[in-house]
Structures are given as structure tokens and as C-alpha cells.
Amino acid sequence: MHSKQGHDMKKNGYKAIVMGVSAGGLAALSRLFSDLPEGFALPLIVVQHVHPTADRQIFDYFNSNCPLTVKEVEDKEKILAGYVYFAPPDYHLLVERDKTFSLSIDPRVTYSRPAIDVLFESAAYVWSSRLIGILLTGASSDGSRGMQLIKAHGGLTIAQDPATAEYPVMPQSAIDANAADKILSLDGIGKFLKTLSKTGYPDRQTKIQGQADFISDVET
Amino acid sequence: MKAIDIENIEITLLLDAIFNRYGYDFRHYARASIERRIRQLKGKSGCTTISEMIPKLLHDESFFQKFVREFSIPVTDMFRDPFVYQCIRKQVVPILKTHPFVKIWHAGCATGEEAYSLSILLKEENLYDRSTLFATDFNDTALDIAKKGIYALTNAKTFTANYQAAGGISSFSEYYHARYEAMALNNALKKNITFANHNLVTDSVFGEMHFILCRNVLIYFDKILQDRVLKLFSDSLVHGGILCLGTRESLKFSTIAEKFSIIDETARLYQKKAV
Ligand SMILES: C[S@@+](CC[C@H](N)C(=O)[O-])C[C@H]1O[C@@H](n2cnc3c(N)ncnc32)[C@H](O)[C@@H]1O
């Protein structure tokens, strides 16, 4: 292939981020969202287990603190950059090959609906090595299998450092399952996302000339 | 070619095989869910590739039956999304009351909980005796449970809470009797419901209806099939008839959208316009 360098980068870099979070999620997410750089070009897709009951307000709150538009997914909605998508309460969220969302009310997986594993698995099949999976604070073991699958498909997996997580169980079980490429504090994840956007979202297969391979260099 | 692209070919072949052999058409179901279930079945059946399942499916009907059960997971509840029933009470019942008799179609009724919920609501609104409910699904096992109207007693707490939140005007315990580990719904609630097998993909219009409810079924279909089924509903409704979809399903992007006005967008209640 002989396309232009810049084009190549876009073609080859990461395409999406999936994120799983459970207990302790509110604080962790607001922190991460406010850290996102302006114009962040990857869609961010989130499964959060415990939805606060007054959920409308939570989106207003997130939106006032996030440079991207934060919203709940509609069935068959097209996945676009510039958005943070949330699974609706009580529905599983899946990604289709044509980069749209599907919802389902299949039984709970790992005691959860929405389940992080369901989102991560379907996303791994769609984006394979162009996907980043991030697992944050939580008191569940949901997400470990999904992280394993993302890893098996060549994607990048990041677990929040359990020592810095409000609830360490969820990231810890992914780490124990050998499913985390990187273990970072929230700060570290924020920094990672910033660098990612500055360097044009290179994935691990993409080597950019004259640039260090920052993915393996990010401090933990 | 990547492994996942090969798998995609295998899944397409498998769905074609099922359609040609048994007439069940899953080709326009939302692919991600279908793939997830096929992979799970592959694991359970000891096949190493999806193509290995195809000869089994073609020649072993019991294997196919297992398959269909996996494709139709009848998850449901009584008075699921209570606010929707409140809306039906306030905004749909007055419209239905203008008819001398009322025909209602509950499509994708699974094990029947929603149909019985509606029966209770109609009873409390003094509308049940002139109503006929058709509750359909393509899953016979689920329909058998629906016809019996007997559910695990462990549900009672959720059902009762939902009933109250849905604006129930009586006590939910009046509608069932508990026996051992089961709750059996009153026979009076079954009187006007007919449970029947109907496949939304391959069967046609069901009759002239005043009210159609189809909740959390369309999410399992792709856009093309959603549109086809929505057209089927539109064709089955009288003018002024009402359509109720799941709380995450919408008419917004469908080709029949312009034929309907919105009664309540959050409850996904729509009314077919008169022409
Ligand atoms: C998740 S359940 C929804 C049950 C209920 N309406 C609710 O919202 O609680 C989906 C139901 O749709 C049924 N279904 C799926 N495909 C169908 C088809 N082609 N024709 C009729 N029913 C179908 C399944 O058998 C299942 O019972």
C-alpha cells in the first residue's frame, strides 16, 4: 500500500475505546472525562453497572465537565467520534460490524446487565487490534473475560491500578487473569489518552517515524 | 483473510442453511447477538469451527431445536418499566374506551407476563370484558408457560413492586394464589387472551388491531428487518390505532414514522394517523 503517511496513520491507528466501571465509577469517570483533550477523536463506549437513579442529571453533569458529548445509546445508533456513549440501564450493549450499536435484554452475565464482558467481546470482534479496553474501579469480576478477548485479538488493555481504585476487585481480577497490558493510575490513564491524541492514535502495529513507542513507555 | 472474516462467512452460511432447511429466517437479526449465541453453542456442542455445526444442523433436528431455543431467549417481567403502564392507563385507555370492542396484539410475548399485566390493567379500567388479546411468539416452549400462567414465587416481590409503581389500584396479591414455590395467576385473567405461534419474520398480518405492543423484540433485529416488521404493525392497525415499543426502540428512523403521531416518546407510544 502506498497511501500518504498521515492517511496511513488514521487508517492504522486505534479506532475506539471501550471502558468498564462499577462501584466507585462516578468519581473515576468524572475525573477521566475532564482529563480528555479537546477534539479527542476516538469514540469512548462505557458500561457502568450501578446507574444512579436520577440518571438524566448525571449526563448533564458529565457534559458540563467533558469536551466530548456524553449520551446514552439508542438502538442501532451509528458510532461516531466526539461522543462518549453509555449503555442504558438494564440493557446489554453490543457493537455491530457496521459500527452501529445493538441492545439486548438477554439474561445477566456475571450478575450484570449491562455486562462489561458483553460489550468488550463484541467490540473485540469488530475492532480487533484497533481497540483499547479500559477497566476501572469496581467490586465485581465482570470485564476480565472481555479484557482477555481484547488482548487475544491484539488490542490494548489497561486496568486501573487496584492500589488507586476505590474498589480494587474488578481491575485486580483482570490483572490476575493476565488480561492487562498496562496497569495505570487514573492520572496515568488520563496522560495516556492525552499522548494518544497528540500522536495521532498509533496502535501497536503502527510505528511512527522519529517517535518513541509511547504505548510501551507510558509510566505506570 | 483474518480469522474473524472467515468466521463471518461461516455464520452467513449457517444462517442460510437454517433458513433453507427449516424456514426459520435469522438472516436479518442483529448480528452481534446472534454471533455471541452461535459461539456459545459452538463451545457447548464441542465443534471447533462454526462450519462444523452446519451438517449437524442440517441432519439432526433436535440439534436445530436447541439452536432455536438459544436464538429466542424469552426474558421478561410483569409490569416491566412501570411508567409505561401508567402512560397506557392515562393516555391509551381513554382512546380504547371509544371503541365498542377492543382488539389487542401482543407480539413477542415470551412467557406471557406482559400480556397478563395488560389484562390486570384492563380489568381495573373496566375494559377487559370487551377486549380480546392475541399474544404471540415463535417460541412454543415459552408459549406453553404463558398459557399456564404459573411463575416462580420468587418473582412475587418484583412483580408486586412493579404493579404498585405502574399505578395498580388494588392489591397485587388478589391476582394470584401462591402454591408451594409457584404463583398461579387467576383464571379470570386468562379468559380473553389467546396465545398463539406467530413468526414476525415469515408470517403475515394478524388482523385489524386497535392496540399493538411489541417491546424488546425489535432490538434483536437489524434495520432492514425492523422496518419490515414495523410496516407489518402499521398494516395491522386500524386508523387511530396505537403502537407501543420497548423503551429503547423508536419509530424515529423508520419509513412508517410519518404515518404515526407521538403520544409519548419516553413510553414509546405512537398513534396511527387517520388519512
Ligand atoms: C426479550 S423477549 C421480550 C419479551 C417481552 N416483550 C418484554 O419486553 O419483556 C423477546 C421475545 O421475542 C421473541 N421473538 C424473537 N424473534 C421472533 C420472531 N421472529 N417472531 C416472533 N417472536 C420472536 C422471542 O422468542 C422472545 O420471547
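Computed from a predicted model, the values in this text were never measured in an experiment.

1. Description of the interface of chain A and chain B
Here's step 1: Across the boundary between the two partners, chain A contributes 28 residues, which contact 28 residues of chain B.
Here's step 2: One can count 6 salt bridges joining chain A with chain B.
Here's step 3: Ionic pairing is found between R97(A) and E35(B), a salt bridge with its closest N-O pair at 3.2 Å.
Here's step 4: Here chain A and chain B share 14 residue pairs in polar contact (both at pLDDT 80 or more) between them.
Here's step 5: The element that contributes the greatest number of residues to the side of chain A that touches chain B is helix 4 (residues 116–127) of chain A, accounting for 4 residues.
Here's step 6: Taken together, the residues of the side of chain A that touches chain B break down into 12 nonpolar, 5 polar and 11 charged.

2. Some thoughts on the confidence of the model for chain A
Here's step 1: Of the residues in chain A, 86% have a pLDDT of 70 or more, and the chain-wide mean is 87.
Here's step 2: Low confidence marks residues 1–9 of chain A, where pLDDT is under 50. Its contacts with residues over four positions away, or in another chain, come to 5 contacts.

3. Some remarks on the site of the ligand
Here's step 1: Neighbouring the ligand are 23 residues; Y29(B), T76(B), E114(B), D137(B) and N199(B) lie closest to it.
Here's step 2: Of the chains in the model, those with residues near the ligand are chains A and B.
Here's step 3: Separating a nitrogen atom of the ligand from a side-chain N or O atom of Y29(B) is a distance of 2.7 Å.
Here's step 4: Separating an oxygen atom of the ligand from a side-chain N or O atom of N216(B) is a distance of 3.0 Å.
Here's step 5: Burial of the ligand by the surrounding chains reaches 99%, relative to a free accessible area of 600 Å².

The rules we used
- Sequence order as written defines the numbering, with residues in each chain counted from 1.
- For this description, chains carry letters from A and ligands carry numbers from 1, given in the order in which they are written.
- Side-chain atom pairs in this predicted model are given and counted only at pLDDT of 80 or more, local residue features only at pLDDT of at least 70, and totals for whole chains, interfaces and linings cover all residues.
- With hydrogens and water stripped out, all remaining heavy atoms of the structure feed into the side-chain values.
- Should any heavy atoms of two residues lie within 4.5 Å, those residues are considered in contact.
- For salt bridges, the criterion is a side-chain nitrogen of Lys or Arg within 4 Å of an Asp or Glu carboxyl oxygen.
- Whenever a nitrogen or oxygen atom comes within 3.5 Å of another N or O atom, the pair is scored as a polar contact, on the condition that within protein one atom can donate a hydrogen and the other can accept it, and that pairs from neighbouring residues in sequence are kept only if both atoms are in side chains.
- Think of it this way: any DSSP run of H or I at least four residues long counts as a helix, any run of E at least two long counts as a strand, and we number them from the N terminus.
- Gly counts as polar in this scheme, as do all residues outside two lists: the nonpolar Ala, Val, Leu, Ile, Met, Phe, Trp, Tyr, Cys and Pro, and the charged Asp, Glu, Lys and Arg.
- Scored from 0 to 100, pLDDT reflects the predictor's confidence in each residue.
- Distances are taken per atom, and a residue is near a molecule or strand as soon as one of its heavy atoms is within 4 Å of it.
- Areas reported as accessible are Shrake-Rupley estimates using a 1.4 Å probe. Residue values count occlusion only from the protein chains shown.

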